[in-house]
Amino acid sequence: MPSFPEKFLWGASTAAYQVEGAYLEEGKSLSVVDESIAPEYADTSIASDHYHRFKEDVSLMKELGLKAYRFSIAWTRILPNGRGQVNQAGVDFYNELIDELVNNQIEPIVTIYHFDLPVVLQKEYGGFSSRKIIPDFIEYCRVLFELFGDRVNYWLTINEQSNMFLLPYLISFTENSDQSKLKQKYEMNHIMTLAHASAVKLCHELLPNAKIGPALGISPIYPKTCDPKDILAAEKAEELRNTFFLELYCNGRYLPTMQAYMRGNDCLPTIEAGDLTLIKEGKCDFLGINYYDSKTVEHVTEQDRTKELVINKDGQAGTTEKEVVEGVYKGCSNPYLERNDWDWEIDPIGLRVTLNRIYQRYQLPLLITENGVGAIDTLTEEKKIHDTYRSDYLKKHVEQVCFAIVQDGIEIFGFCPWSFIDLVSTTSGFRKRYGFVYVDRTDTALRELTRHRKDSFYWYQGVIRSNGKVL
Ligand code: BG6
């Protein structure tokens, strides 16, 4: 196996609400995810207690050998009212974290917005359903760029705009609106795209040497068979779920085929004068890719009606119900792939497919910002975690990244698996773990929150030491 480029950013990722805890401490206010995370699991109040233990966590990162650490900043910690008064305690926390990283030669990669809208702004004007969010988001970005831009070279604007839009639980709708939910979604998506483009422009203006891009949640779409009807369904699903967002971010346009879809479904967003120019001007320097699985679809029949995805939150294999988009596609499973207990289909080659599809179209440098497998881990009496399923999953994905670089000529400058440490899963609390570092707590028992290195920790350490030669 040929080696990875020199200075490849071997990293790992987390997000504020999932690790920090201290969700109402030292001036922080609540975000919409603090309020909405599945109540049957651990909430975000303590999470992995990273807020109080970040020094210990950074020393584990150092021991692991990380070259980069991707984390998000909580808007609610910096601007508890959404705007206005800056919370000094929040600034101090991120300053100390960033200093600790830099002093340990770990490159900080900062996500500006990872699903955690301040509740105050949701209540005041419906969050991303109103254009009022744009000046507030820009103000928040300006504060971050001015305070942390001297040490942060890589910025991610919005995490998984597509998933906020495609999954049933990550955005709030306006009750009693005269607009359909579909129309509300496309309106919010447009406003979010304006916020993203404004952040990119501001970053370029204030921090000319920094690099900024989105973190896209991408699952490549496959047709169930080579029946042309399935091929068409897959093409359309790829457009609706992936290309739509990529074209907005990278080419600043609504594809004509998407315009036809939106007109046909009465969900064209309101596009004001200057919007498309702004979106075009917000040119990304790179694209972050969150990749977990691929998806397979088949054609719909005339009887098929729209049905929302039913997520398997408990890890009871086989309980996911795939979505149907009327007239477009119907989700189905892929008989060639294995799946985890949450029915996510494990597809390392799908990562290479994704990297190829995106790079062929846009030729922007790529950074893998998330990749990993959620699993139930067991802490043995000797305080070990034998998670070979995790290193197997990652090994196969790292191999495909290497093929993409060496054989396909794709510019990929880093790999940041999800997640550095165990954290509150967005859908399934602490039952579903992703970390290299085990946190001793469960959804119901807080215990000591002691950190333990999993077997995958030592595996990844070897990968980083050998720059990807030893997998
Ligand atoms: C990504 C998110 O969608 O997937 C993370 O950016 C999330 O926040 C991760 O945790 C895994 O999803 P889940 O639902 O298993 O936690």
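Residues numbered from 1 in each chain as written. Predicted model: local features only at pLDDT ≥ 70, side-chain atom pairs only at ≥ 80, totals over all residues. Heavy atoms only, no water.

As named in an unreviewed UniProt entry, the chain is 6-phospho-beta-glucosidase, taken from Enterococcus ureilyticus. Regarding the chain, the relevant UniProt record gives this comment under Sequence similarities (unreviewed entry): "Belongs to the glycosyl hydrolase 1 family." (UniProt positions renumbered as here; feature names shortened; annotations may be inferred.)

## A closer look at the site of the ligand
Residues in close proximity to the ligand total 16 residues, the closest being Glu160, Thr426, Thr427, Lys432 and Tyr434. In the environment of the ligand, an oxygen atom lies 2.8 Å from a nitrogen or oxygen atom belonging to the side chain of Glu370. Taking Trp418, its side chain carries an N or O atom lying 3.4 Å from an oxygen atom of the ligand. Contact with the protein chains covers 95% of the free accessible surface of the ligand, which is 380 Å². Each residue belonging to the shell around the ligand can be placed in one class, and the counts come to 6 nonpolar, 7 polar and 3 charged. (Near = heavy atom within 4 Å. Polar contact = N/O pair within 3.5 Å; in protein donor to acceptor, adjacent residues only side chain to side chain. Areas by Shrake-Rupley, 256 points an atom, 1.4 Å probe, with all protein chains shown as cover. Nonpolar A, V, L, I, M, F, W, Y, C, P; charged D, E, K, R; others polar.)

## Some thoughts on the UniProt feature "active site" (unreviewed entry) in the chain
Under the local residue numbering, the UniProt record ascribes the feature "active site" (unreviewed entry) to Glu370. The residue Glu370 is located in strand S13 (residues 366-370) in this model. With sequence-adjacent residues up to four places away left out, Glu370 is seen in contact with Arg70, His114, Asn159, Glu160, Ile289, Asn290, Tyr291, Tyr292, Cys416 and Trp418. Here the side chain of Glu370 touches Arg70 through a polar contact of 2.9 Å, side chain to side chain. (Helix = DSSP H or I, 4+ residues; strand = E, 2+ residues; numbered from the N terminus. Contact = heavy atoms within 4.5 Å.)

## Some thoughts on the side chain of Asn356
With respect to the helices and strands, Asn356 occurs in helix H13 (residues 348-362). On the basis of relative accessible area, Asn356 is assigned to the buried category, the value being 18%. A polar contact is formed between the side chain of Asn356 and the backbone oxygen of Arg352, at a distance of 2.9 Å. Look past the residues within four positions of Asn356 in its chain and what remains in contact with it is Asp408 and Ile410. (Buried < 20%, exposed > 50% of the residue type's maximum accessible area, 1.4 Å probe, protein only.)

## Focus on the packing of aromatic side chains
For the structure shown, the criterion picks out 30 aromatic pairs. Residues Tyr51 and Phe93 carry aromatic rings whose centres are separated by 4.5 Å and whose planes lie at 40° to one another, so their mutual orientation is tilted. In this pair, Tyr51 is assigned in helix H3 (residues 50-64) and Phe93 in helix H5 (residues 88-103), connecting sequence segments 42 residues apart. Relative accessible area serves as the criterion here: at 4%, Phe93 is assigned to the buried category. (Phe/Tyr/Trp six-rings, centres within 6.5 Å; stacked < 30°, edge-to-face > 60°.)

## Topic: the sheet that holds strand S9 (residues 324-325)
Taken in spatial order, the 4 strands make up an open sheet running S6-S8-S10-S9, and their pairing is mixed. Each having just a single partner strand, strand S6 (221-223) and S9 make up the two edges of the open sheet. Note that strand S8 (residues 295-298) and strand S10 (residues 329-332) share 3 bridges and pair antiparallel. Bridging across to S10, Glu298 finds its partner in Lys330. (Pairing = 2+ DSSP bridges.)

## Some words on the sheet that holds strand S1 (residues 9-13)
Spatially, the 8 strands close up into a barrel ordered S1-S2-S3-S4-S5-S7-S13-S14, and their pairing is parallel. For this sheet the average axis-to-axis angle between neighbouring strands, irrespective of direction, equals 30°. Running at roughly 170° to strand S14 (residues 412-415), helix H14 (residues 388-406) makes contact with S1, S13 and S14 of the sheet. (Axes fitted to C-alpha atoms, helices over the stretch in contact; angles between N-to-C directions.)

## Section: a negative patch on the surface
Side chains of Glu25, Glu26, Asp92 and Glu96 sit close together on the surface and give a patch of like negative charge. Tracing the chain through its elements places Asp92 in helix H5. (Patch = residues over 30% accessible without salt bridge, like charges linked within 9 Å, V, L, I, M, F, W, Y side chains within 5 Å. Salt bridge = Lys/Arg side-chain N within 4 Å of Asp/Glu carboxyl O. Lys, Arg positive; Asp, Glu negative; His and termini not counted. Charge placed at Lys NZ, Arg CZ, Asp CG, Glu CD.)

## Re the side chain of Glu298
Its location among the elements puts Glu298 in strand S8. Glu298 sits in the buried class, given a relative accessible area of 17%. Setting aside its immediate chain neighbours within four residues, Glu298 contacts Lys224, Asp230, Ala233, Tyr329, Lys330 and Cys332.

## What to know about the environment of Val325
Structurally, the position occupied by Val325 is in strand S9. Apart from residues no more than four positions distant in its own chain, Val325 is found in contact with Leu240, Tyr261, Val300 and Thr306.

## Brief notes about the pairing of strand S3 (residues 107-113)
Of all 7 residues in S3, 7 are buried, a share of seventy percent or more. Across 5 bridges, strand S2 (residues 68-72) lies against S3 in parallel orientation. Of the residues in S3, the one forming a bridge with Ala68 is Glu107.

## A few points about the environment of Val110
Examined against the element boundaries, Val110 turns out to sit in strand S3. Sequence separation of Val110 and Ile271 is 161 residues, and the distance between their C-alpha atoms is 30 Å. Excluding residues within four positions of it along the chain, Val110 makes contact with Phe71, Ile73, Val152, Tyr154, Trp155 and Leu156.

## Comments concerning helix H11 (residues 256-264)
Along H11, the residues that are buried comprise Met258, Tyr261 and Met262. Axial view of H11: buried residues confined to an arc of 95°, hence all on one face. Turned more than 90 degrees away from the buried face of H11, the exposed residues are Pro256, Arg263 and Gly264. Next to the buried residues of H11 lie helix H9 (181-206), helix H10 (228-251) and S9. The first or second residue beyond H11 is Asp266, which carries a positive phi of 55°. (Arc of directions from axis to C-beta.)

## Re the pattern of salt bridges
One pass over the full model with this rule turns up 33 salt bridges. With a shortest N-O distance of 3.1 Å, Asp377 and Arg390 are connected by a salt bridge. Of this pair, Asp377 sits in the loop between S13 and H14 while Arg390 sits in helix H14; the two residues are 13 residues apart in sequence, bridging distant segments of the chain. Side by side, Asp377 and Arg390 carry an identical accessibility label, which is buried. Connected via shared salt-bridge partners are Asp377, Asp387, Arg390, Asp422, Arg433 and Lys454.

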